[in-house]
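Reading the structure
Given next are the chains, with one letter for each unit.
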Amino acid sequence: MSEVLERPRPAAAEATVLAEHIVEVISDSGEGAQRCGQSLAAIAARMGNGIWTTEIIPAEIQPPARSVAGASGIRIRIGAERISNGGDQTDLVVAFNEQVLLGRVQARELKPGAIILLESMWRTHRDPAVVSSYVKTVEALRQDGFVVHEAPLEERCRELVSDPRRGKNMFVLGLLCRLYGFDDQLAREQIERIFGKKDAKVIRQNVALYEAGAAWAESHLPMRYRIPARQITEPQIVVNGNTAIALGIIAAGMDICAMYPITPATSASHYLSEVFEKVGGLVHQAEDEIAACAFAVGASYAGKCAVTITSGPGFSLKQEALGLAVMAEIPLVVVNVQRGGPSTGQPTKVEQGDLLTAVYGSHGDAPKVVMAPCGIEDCFYSMITARKIAETFGMVVVVLSDASLSTAQQPFPRPQFSEEWLAPPVDQTPVPLGARPYDWDPVTGLSRRFQPGQPGGMHTLTGLAHDRNSKVAYDPAINEEGLHMRSLKLAALQKTLQPPAVYGDPDGDLLLVGWGSTMGAIEEAVTRLRAQGHAVSSMQLRFLQPLPSGIREILKRFRRVMTIEGNWSDKPEDALIDEDNRRYSALAMMLRARYLVDVDCWSETRGQPIKPGSVVAAAKAALGRLDGRMEAKS
Amino acid sequence: MTRSLHQCVIKLHEEHHALEDYQGGVPRWCSGCGDNAILAAMQRLCSEEGLAPENTVFVSGIGCSSRLPHYMKTYGFHGIHGRAFPVAEGIKMARPDLNVFVSTGDGDCCSIGAAHWIHALRYNMNITVVLHDNHVYGLTKKQASPTSPKGLKSNTTPYGAALEPMNPLTVSLGVRGASFIAQGVDWVPEVLYDIVRAAFKHRGFSFVRILQRCPEFMPKAFDPWLHDPQRTLLLTHRDGLQLSAGLSSSYRNQREHDPSNIDRAREIASMEDPIPVGILYRNPDAPCYEDLRHAGQLRSPAAIAAGLAREFDKVTVWPGGAQRPERKVA
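Residues numbered from 1 in each chain as written. Chains lettered and ligands numbered in written order. Predicted model: local features only at pLDDT ≥ 70, side-chain atom pairs only at ≥ 80, totals over all residues.

**Here we look at the overall build of chain B**
Within chain B one finds twelve helices and twelve strands. Overall, the C-alpha framework of chain B stretches about 90 × 60 × 40 Å when taken along its three principal axes. Put simply, chain B has 330 residues, and 48% of those count as buried. Expressed as a percentage of contacts within chain B between residues at least 6 apart in sequence, the contacts between residues at least 24 apart total 65%. (Helix = DSSP H or I, 4+ residues; strand = E, 2+ residues; numbered from the N terminus. Buried ≥ 20, exposed ≤ 12 C-beta atoms within 10 Å, placed from the backbone. Contact = placed C-beta atoms within 7 Å.)

Shown next, in the form of structure tokens:
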């Protein structure tokens, strides 16, 4: 043990006041870094700070220990004001070994000069190779300008528990709470909350670990931070996107969710499985993705609008059953928590690659509604809206969340329950004489749905082209009428949608257009750009199909329009790429096709949430092109 | 035939439905198709059991078999290939009050829908299934199916089917949780009716495989059995089929089989010649998935509101931060 570590530091100086700080806790898988970070975030939120958490998840359950690729952990961005995204680079990181830390350094996730708190036990490890790796890494990091503090995490934990590897996350929580001046009582409550199901001994032990961490920080670390908190005036709830979706499903009055396990969607079903039955609902884990979708279709048909939750590969498998729901006009809500694709792709990583599949998927003309929640609060309310649209219009509503929203936490005002959120009871009244199962309104394409149990409504629903009586269409005109009516419903819905809001001035040089989870990063980038005098605004789309009216006018008010998306687009600088073959990002393609506006795109598929700094750089490059000069990349 | 008086009086709270009440469109199956016999059995079943047409749903996939709902005047769901089981399960889970039937074929059930079939047996939901097994794809015009005999010359197997056929009975009886497995043949309609009736009466997933003639593509497939009643083995039991005197005299090859005996059921299921007809296995005590999952619970807005409030409480940050009063976490 180095002498430096053992010498108690003088009492901490005055705390540095910060507008925000980004903290990471990085470990091998299974060492509890995420729980530590989530707890820190929850405590910060209860202090009144803005927070956003981003989980760092390796692809395997147990990747090899001490490996660069095995980094598992969490980033917590804490601010004085509301925080809308994970931010750019980390200010302070706690790492349980130097290898997982290197993974983050190599990915340039750390701010230059960032503070590193590194588990010091590797310095005295029995394997000389480990010691040498550790020593060299610490040296190199210091040379690169990082401020490395070595911390005897396990050594101190061993004084309190038999398995320090599993206890040190709470030690680190204590350490961090002390650095940021968080309230110890709130922290103790948080520990009680997370270990609430276990016995009092476990809680006592973890509180002791927490206190030991705080005490060690008190006497060994010189820095103190204070991030002023805003007094919150109304109750907030702190959940991640997947939990918000599950809560939204309950609030929407749905009672059947059929699913098949798939990352990163499954945690929504985990949570729902725990609570749904208490309010009369149930989660059915089907034998496969197709069955999950067909089960939901069956339940919806029988009168209860159901939901199926999945991710990319599962969404591909469901396409035929979705087409059936479209054809038979059965309401259905489908949540696709997008991940990297195609094929198995990057199961734990974010991508916005499924927009075109959602809009155009399933063979033939299969009009569906596509929504994309732009934040955690949106995840909750989207489900209520989705259920309502599905039932009002007899349509499939696809909700495109993604891996970043799935685990990100951000507080939002505690929803005030309204009975209007709920579905009406299943209609069992007799069907009026002469009414037909598809009495399409010629203007809106809408028809009243007949549900089993309704006397006089007996008919055979079919996935075959059918007429107003649900009889198989043998006449070409009937097939066309069905397509016509199902398409009209999208227009009918479109007429009810409000034009999207523009963030920033209503006109200017550059409009950035995003959809879904990128809203926070894009708006933060716009704020920074505007502070630097650039005439940049942004628009985030929640409805992708149909696109609300008013977009054309907004696009025309800017000299240049560029989408920011987390999916693939060809790079114009590639030798073979020109305007005749460039593949644009999904939303750019849709906007170009609909509005005949020369919409450019910037996209990234690195499996990580898009950072505000990257958006700033992309916007500046676009502004540079606009001014006819190439600006150096910032 | 005489009937006792009470059989002639309809209970006042029930509505009487004549056979015609269940007859939908005119079937578009080929003349001589065994599916007609299955349809007749289902219509008679609905009528004799007095099933309210509005509370009855026939679900199907794709294929000749799956046209059946169109010919019933109940609710029908003619969905997509292979997925009738999960659709039916969703319906039953949402509405356990409905009578749910599945009409499927050897391609729909045993090939593209095989995974769902296995799991449907395992879920054991209260659904009555008729598998129209004619050993061939009909609607797509003569391709080999999983139950086609080895050597069958079809459009996809012009030199003869390479594989031995799958036996849907042994497959079904291999699934833990299976609770009712029976076999009927379209050419003995009286027994077929008794079997589907027993299937409907069984509370659980009742799986009835029906050997069914396809005059168009497999015209002679069952001829040896049609011509020789000795090659049909009728399974009888006081808990199973009881044969009329007339039938007993023409089908003399009979065996007493207790449907609760699964080992014997598996033995019988493996027989290919004679063809066993009757109830192979029945376990009235197998739990139904919809019961285990408490399907059909009544939900009130107040209960949902209270449930949500409980969940929100666990994750709420109250104004006043540290000063807020202690709340007990559920």
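Now that the structure has been shown, the text picks up again.
**Things to note about the overall build of chain A**
When you go through chain A residue by residue, the secondary structure sums to 21 helices and 23 strands. Over its C-alpha trace chain A gives a radius of gyration of 27 Å, about what one expects of a compact globule, namely 26 Å for 634 residues. Dimensions of chain A along its principal axes, counting C-alpha atoms only, are 90 × 65 × 50 Å. The contacts in chain A between residues at least 6 apart in sequence include a share of 76% that link residues at least 24 apart. (Rg over C-alpha atoms; globule rule 2.2 N^0.38 Å.)

**Observations concerning the confidence of the model for chain B**
All names here are of chain B. With 92% of its residues at a pLDDT of 70 or more, chain B shows a mean pLDDT of 92. Contacts for the low-pLDDT stretch residues 8–12, under 50 throughout, to residues beyond four places or in other chains number two contacts. Contacts from residues 322–330, a stretch scored under 50 in pLDDT, to residues over four places away or in other chains number eleven contacts. In the model output, the complex is listed with pTM 0.94 alongside ipTM 0.94. (pLDDT = per-residue confidence, 0-100.)

**Overview of the interface of chain A and chain B**
The interface of chain A with chain B comprises 65 residues on the first partner and 48 residues on the second. Counting residues per element, the side of chain A that touches chain B draws most heavily on helix α11 (residues 289–301) of chain A, which supplies nine residues. Here the residues of the side of chain A that touches chain B are counted per class, giving 36 nonpolar, 16 polar and 13 charged. Where strand β9 (residues 236–240) of chain A meets strand β12 (residues 316–317) of chain B, two bridges bridge the pair, whose relative direction is antiparallel. Within the sheet, the bridge partner assigned to Gln236 of chain A lies in β12 of chain B and is Val317 of chain B. (Nonpolar A, V, L, I, M, F, W, Y, C, P; charged D, E, K, R; others polar. Pairing = 2+ DSSP bridges.)

**With respect to the domain arrangement of chain A**
All names here are of chain A. Considered domain by domain, chain A is made up of domain 1 (3–226), domain 2 (238–421), domain 3 (427–496) and domain 4 (502–626). Centre-to-centre, using C-alpha coordinates, domain 2 lies 25 Å away from domain 3. In this assembly, 15 residues from domain 2 lie in contact with 14 residues from domain 3. Contributing elements (two or more residues each) for the side of domain 2 that touches domain 3: α13 (319–328) and α15 (376–393). (Domains from an automatic or database assignment.)

**Let's talk about the packing of helix α2 (residues 33–47) of chain A against helix α7 (residues 184–194) of chain A**
When two helices pack together, their arrangement is given by the angle between the helix axes and the distance between those axes. Residues and elements named next belong to chain A. Viewed as axis vectors pointing N to C, α2 and α7 meet at an angle of 130 degrees, and their least axial separation amounts to 10 Å. Considering the angle they form, α2 stands oblique to α7. As α2 packs across α7, the resulting crossing turns out to be right-handed. Between α2, through Arg35, Ser39, Ala42, Ile43, Arg46 and Met47, and α7, the contact on the second element is made entirely by Leu186, Ala187, Gln190 and Ile194. (Axes fitted to C-alpha atoms, helices over the stretch in contact; angles between N-to-C directions. Parallel < 35°, antiparallel > 145°, perpendicular 65-115°, else oblique. Left-handed = near helix turned anticlockwise from the far one by under 90°.)

**A look at the sheet that holds strand β14 (residues 369–371) of chain A**
Residues and elements named next belong to chain A. Here we have seven strands laid out as an open sheet, ordered β11-β10-β12-β13-β15-β14-β21, and mixed in their pairing. With one partner strand each, in any of the chains shown, β11 (282–285) and β21 (543–545) form the two edges of the open sheet. Geometrically, the sheet is characterised by an average inter-axis angle of 25 degrees between neighbouring strands, direction not taken into account. Pairing geometry for β14 and strand β15 (residues 396–402), over three bridges, is parallel. Following the sheet pairing, Val370 is matched in β15 by Val398.

**Remarks on helix α8 (residues 200–220) of chain A**
For an α-helix the count is 3.6 residues per turn, leaving residues at separations of three or four pointing the same way. All names here are of chain A. In this model α8 runs 30 Å from its N-terminal to its C-terminal C-alpha over 21 residues, within 8% of the 30 Å that 1.5 Å per residue would give. Regarding α8, the residues found buried are Asn206, Leu209, Tyr210, Ala212, Gly213, Ala214, Trp216 and Ala217. The inward-facing, buried residues of α8 abut α5 (153–158), α6 (164–179) and α7. (Expected span 1.5 Å × (residues − 1).)

**Describing the sheet that holds β9 of chain A**
An order of β16(A)-β9(A)-β12(B) is seen for the three strands of this open sheet, with the pairing classed as antiparallel. Strands at the two margins of the open sheet, each flanked by one partner only, are β16 (409–413) of chain A together with β12 of chain B. Along the sheet, α15 of chain A makes contact with β9 and β16 of chain A, crossing β16 of chain A at roughly 60 degrees.

**Here's the deal with the confidence of the model for chain A**
Averaged over all residues, the pLDDT of chain A equals 94, while 97% of them reach at least 70. Low pLDDT, under 50, characterises residues 1–8 of chain A; the stretch is placed with nine contacts to residues that sit more than four places away or in other chains.

**Here we look at the pairing of β9 of chain A**
Looking along a regular strand, one sees the side chains alternate between the two faces of the sheet. Residue and element names in this part refer to chain A. Among the five residues of β9, five are classified as buried, and the element is accordingly described as predominantly covered. Alternating residues of β9 divide into Gln236, Val238 and Asn240 and Ile237 and Val239, and every residue in both groups is buried. Pairing between β9 and β16: five bridges, direction antiparallel. Within β16, the residue paired with Val238 across the bridge is Pro411.

**Some points on unusual backbone geometry**
All names here are of chain A. The linkage connecting Gly341 with the following residue, Pro342, adopts the cis geometry, with an omega of 5 degrees. Mapping Pro342 onto the fold places it in the loop between β13 (332–338) and α14 (355–360). In this structure, Ser470 is a non-glycine residue whose phi angle is positive, near 65 degrees. Along the chain, Ser470 falls in the loop between β17 (460–462) and α17 (476–494). For Leu596, which is not a glycine, the phi torsion comes out positive at approximately 50 degrees. Turning to its location among the elements, Leu596 is positioned in the loop between α20 (586–595) and β23 (600–603).

**Notes on helix α9 (residues 241–251) of chain A**
The element α9 of chain A is largely enclosed, with a buried count of eleven among its eleven residues. Gly253 of chain A sits one or two positions beyond α9 of chain A and adopts a positive phi of about 80 degrees.

**Topic: the environment of Glu55 of chain A**
Residue and element names in this part refer to chain A. Inspection of the secondary structure assignment puts Glu55 in strand β3 (residues 50–56). Looking at Glu55, the number of C-beta atoms within 10 Å reads 22, which means it is buried. As for Glu55 and Gly86, which are separated by 31 residues in sequence, their C-alpha atoms are 9.8 Å apart.

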